[in-house]
Amino acid sequence: MIVEYFAYFAMKYLYYILVLIVSFVLFREFFGQPAKKSAQSGTPGLTSYKSSDSSENRKTEVEVEPALPRDLEHIPYHYVRKPEKELLARASEFYQMAAARRTLRSFSTDPVPKEVIHEIIKAAGTAPSGAHTEPWTFVAISDPTTKLQIRNIVEQEEEINYKKRMGIKWTTDLSPLRTNWIKEYLTAAPYLILVFKQVYSILPNGQKKIHYYHEMSVSIACGILITAIQYTGLVTLTSTPLNCGPAIRSLLGRPSNEKLVLLLPVGYPTEDATIPNLHRKDLSEILVEID
Ligand SMILES: Cc1cc2nc3c(=O)[nH]c(=O)nc-3n(C[C@H](O)[C@H](O)[C@H](O)COP(=O)(O)O)c2cc1C
């Protein structure tokens, strides 16, 4: 009798019961223990969360400290607004400078002052980074022995890359650029700048510091680095030597949280240097305007 009554009741109000269950689940999903969820997913900005231990029915407090000082000072931003006419002139001037940048593969051995390299790397270090983690290390090499060791590693791997790993499509696509596994520029250029991304770092208290968006942050720093080289009046070659990362990292004694991203020879072009006659996409091909 009771079972029958219950079944009748359930059928009659099935719709309301379902709505109630769905509302309960959704409420728990969106409002249940929000701080704990965010802390687990590494979301910054939370100060602490309380997790309830139901077996002992007591609260445990876990402190989450921000990587930057909690009482970080915020200061006025001094901005000098430029007249509109000047904006266009400056943008055009910057474009001309950027457009003149080309990848060079033939480097003079003429030396470049160390201070110039320092300023270029300082510029790259101004890049924005996820939660201001600055997840980059720049290794500047002028030592001839180390440059030769790097050249040996790169040429050894590149020969295998070209002959076995890259495949016919890739090597065919590269052929108009006339590249191969011989990399004279690695010993000729006065400087090699190697950019490492720090996947994470270790705080002074021994805790692991999360580097949010390290890939994108380092890519932006690389863009600034390449543009700074160009603005300075030097040339470079953007290279990502395939499969050389671990050997170069260990040669340079870099820690395991760092991964090689770019290898840039920096210096002057040889007098007989040539470049492929490439053309860049027109503005109409790269811009979508929504006015
Ligand atoms: C991520 C990346 C990796 C590259 N790797 C190499 C490389 O290993 N060797 C090389 O000779 N050029 C390399 N280049 C240079 C490109 O071939 C070059 O940028 C492209 O041909 C356009 O020429 P430009 O830089 O003169 O405008 C690389 C460029 C980029 C952006």
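Note that the coordinates shown come from a computational prediction; the quantities given were computed from them, not determined experimentally.

1. Let's talk about the overall build of the chain
Here's step 1: Scanning the chain from terminus to terminus reveals eleven helices and eight strands.
Here's step 2: For the chain, buried positions account for 19% of its 291 residues.
Here's step 3: Restricting to contacts in the chain with at least 6 residues of sequence separation, those with at least 24 account for 76%.

2. A look at the nonpolar core
Here's step 1: In terms of nonpolar packing, the biggest core is built from 37 residues, with Tyr-191, Leu-192, Ile-193, Leu-194, Val-195, Leu-225 and Val-266 touching the most fellow members.
Here's step 2: With sequence-adjacent residues up to four places away left out, Ile-193 is seen in contact with Phe-138, Ala-140, Leu-264 and Val-266.

3. As for the site of the ligand
Here's step 1: Around the ligand, a shell composed of Arg-102, Thr-103, Arg-105, Leu-177, Thr-179, Leu-237, Thr-238, Ser-239, Thr-240 and Leu-278 is seen.
Here's step 2: Of the residues belonging to the shell around the ligand, the class tally is three nonpolar, five polar and two charged.

4. Re helix α5 (residues 114-124)
Here's step 1: Looking at α5, one finds that the buried residues are Ile-117, Ile-120 and Ala-124. The buried residues of α5 occupy one face: seen down the axis, they fall within an arc of 60 degrees. Turned more than 90 degrees off the buried face of α5, the exposed positions are Glu-115, His-118, Glu-119 and Lys-122.

5. Here's the deal with the pairing of strand β8 (residues 258-267)
Here's step 1: The element β8 is largely enclosed, with a buried count of eight among its ten residues.
Here's step 2: Pairing between strand β4 (residues 191-198) and β8: eight bridges, direction antiparallel. Counterpart to Leu-192 in the pairing with β8 is Pro-265.
Here's step 3: Where strand β7 (residues 235-236) and β8 come together, two bridges link them in antiparallel fashion. Across the sheet, residue Thr-236 finds its bridge partner in β8, namely Val-266.

6. Observations regarding the sheet that holds β7
Here's step 1: The four strands lie next to each other as β3-β4-β8-β7, forming an open sheet whose pairing is antiparallel. The open sheet terminates on both sides in strands that have one partner only, identified here as β3 (136-141) and β7.
Here's step 2: Pairing of β3 with β4, which is carried by six bridges, proceeds in the antiparallel orientation. Residue Val-139 lies in a different strand from β4, and its bridge partner there is Leu-194.
Here's step 3: Against the sheet, helix α9 (residues 214-232) contacts β3, β4, β7 and β8, and its axis sits at roughly 160 degrees relative to β4.

7. Some words on the confidence of the model for the chain
Segments scoring low in pLDDT should not have their predicted coordinates read at a detailed level.
Here's step 1: Across the chain, pLDDT averages 87, with 80% of residues at or above 70.
Here's step 2: A low-confidence stretch, residues 32-57 stays under pLDDT 50, and its non-local contacts, those more than four residues away or across chains, total 26 contacts.

8. Regarding the environment of Leu-186
Here's step 1: Structurally, Leu-186 can be placed in helix α8 (residues 185-188).
Here's step 2: Setting aside its immediate chain neighbours within four residues, Leu-186 contacts Lys-147, Ile-150, Arg-151, Val-154, Leu-192 and Pro-265.

9. Considering unusual backbone geometry
Here's step 1: If you check the backbone angles, His-132 has positive phi at about 50 degrees while not being a glycine.
Here's step 2: Residue His-132 is classed as exposed on the basis of its 11 C-beta neighbours within 10 Å.
Here's step 3: Unlike most non-glycine residues, Arg-178 shows phi in positive territory, near 55 degrees.
Here's step 4: Residue position: Arg-178 is located in the loop between α7 (167-174) and α8.
Here's step 5: We classify Arg-178 as exposed; it has 9 C-beta atoms within 10 Å.

10. Things to note about the packing of α5 against α9
Here's step 1: Direction vectors running N to C along α5 and α9 enclose 145 degrees, while the axes themselves pass 8 Å from each other. Like other packed secondary-structure pairs, α5 and α9 cross with a definite hand, here right-handed. Taking contact as the criterion, the partners of Val-116, Ile-120, Ala-123 and Ala-124 in α5 are, on α9, Ala-221, Ile-224, Leu-225, Ala-228, Ile-229 and Thr-232.
Here's step 2: In terms of residue class, the contact of α5 with α9 is built from nine nonpolar, one polar and no charged.

11. Observations concerning helix α4 (residues 84-99)
Here's step 1: Between its first and last C-alpha, α4 extends 23 Å over 16 residues, near the 22 Å set by a 1.5 Å rise per residue.
Here's step 2: Of all 16 residues in α4, zero are buried; the element is thus mostly exposed.

Conventions and cut-offs
Residues numbered from 1 in each chain as written. Predicted model: local features only at pLDDT ≥ 70, side-chain atom pairs only at ≥ 80, totals over all residues. Helix = DSSP H or I, 4+ residues; strand = E, 2+ residues; numbered from the N terminus. Buried ≥ 20, exposed ≤ 12 C-beta atoms within 10 Å, placed from the backbone. Contact = placed C-beta atoms within 7 Å. Core = buried A, V, L, I, M, F, W, Y, C linked by C-beta atoms within 7 Å. Near = placed C-beta within 6 Å. Nonpolar A, V, L, I, M, F, W, Y, C, P; charged D, E, K, R; others polar. Arc of directions from axis to C-beta. Pairing = 2+ DSSP bridges. Axes fitted to C-alpha atoms, helices over the stretch in contact; angles between N-to-C directions. pLDDT = per-residue confidence, 0-100. Left-handed = near helix turned anticlockwise from the far one by under 90°. Expected span 1.5 Å × (residues − 1).

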